[in-house]
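Residue-level listing of the chains:
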Amino acid sequence: MSADAHLIACPHCAAMNRVPPARLIEAPNCGRCHHPLFTGLPLALGEADFDRHALRSTLPLLVDFWAPWCGPCLQMAPHFQQAAGVLEPAMRLAKVDTEACPGLGNRFGIRSIPTMVLLQGGRELARQSGAMSAEAIVRWARGVVG
């Protein structure tokens, strides 16, 4: 396996998988559980599994910090889901419920929701607050990552 292979956490069993960049578009499966590494849907991440996807995985991670009582968050949810289908496998999309995981909200200094934070290698690349359409999410994320 080449050194430039991506390290990707399986959304099903959390096993770390090495995937060459050229194989990302081939819908790779997990080496342990054999389920798809990409589902076209955002992952729901919590305190226990967040770092595996944010720090250990090498793909960019776009996180939507939201809460179930937030009207704009609920309005943006289908757009974020649609964006996942467009942006994967170039990046992973995830949602963090700030009510269920206040520690993650505090860790990233989330003061308003919805707020999207784009991470790579555990480092914040950019953030955007407020509800956005799927097209705007895709345009913004691709603009940051290149």
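Above: the structure in question.
Just so it is clear, the model here is predicted, and its values are computed rather than measured. (Residues numbered from 1 in each chain as written. Predicted model: local features only at pLDDT ≥ 70, side-chain atom pairs only at ≥ 80, totals over all residues. Heavy atoms only, no water.)

Trainee: Please give an account of the side chain of His6 that cites residues and values.
Mentor: Considering the arrangement of structural elements, one finds His6 in strand β1 (residues 6-9). Setting aside residues up to four positions removed in sequence, His6 forms contacts with Asn17, Arg18, Val19, Pro21, Leu24, Thr58 and Leu59. (Helix = DSSP H or I, 4+ residues; strand = E, 2+ residues; numbered from the N terminus. Contact = heavy atoms within 4.5 Å.)

Trainee: Tell me about unusual backbone geometry, residues and numbers included.
Mentor: With an omega of 10 degrees, the peptide bond between Glu88 and Pro89 qualifies as cis. For Pro89, the position within the fold is in the loop between α2 (71-87) and β5 (92-97). Its identity is not glycine, yet Ala14 carries a phi of approximately 70 degrees, on the positive side. Structurally, Ala14 can be placed in the loop between β1 and β2 (16-19). Here Ala27, not a glycine, exhibits a phi torsion of approximately 55 degrees, which is positive. Along the chain, Ala27 falls in the loop between β2 and β3 (43-44).

Trainee: Residue-level account of the packing of aromatic side chains, with values.
Mentor: Here the structure, examined in full by the defined rule, presents two aromatic pairs. An angle of 65 degrees between the planes, with centres 5.5 Å apart, marks the rings of Phe50 and Phe108 as edge-to-face. One end of the pair, Phe50, is in helix α1 (residues 50-56); the other, Phe108, is in the loop between α3 (102-107) and β6 (115-120), with 58 residues separating them in the sequence. Residue classification places Phe108 among the buried positions, given a relative accessible area of 13%. Ring plane angle 45 degrees and centroid distance 5.6 Å describe the contact between Phe65 and Phe108, whose orientation is recorded as tilted. (Phe/Tyr/Trp six-rings, centres within 6.5 Å; stacked < 30°, edge-to-face > 60°. Buried < 20%, exposed > 50% of the residue type's maximum accessible area, 1.4 Å probe, protein only.)

Trainee: How would you sum up the pattern of salt bridges? Please name residues and give values.
Mentor: Following the criterion strictly, the structure yields five salt bridges and no others. Arg23 is the partner of Glu26 in a salt bridge, and the nearest nitrogen-oxygen pair spans 2.9 Å. (Salt bridge = Lys/Arg side-chain N within 4 Å of Asp/Glu carboxyl O.)

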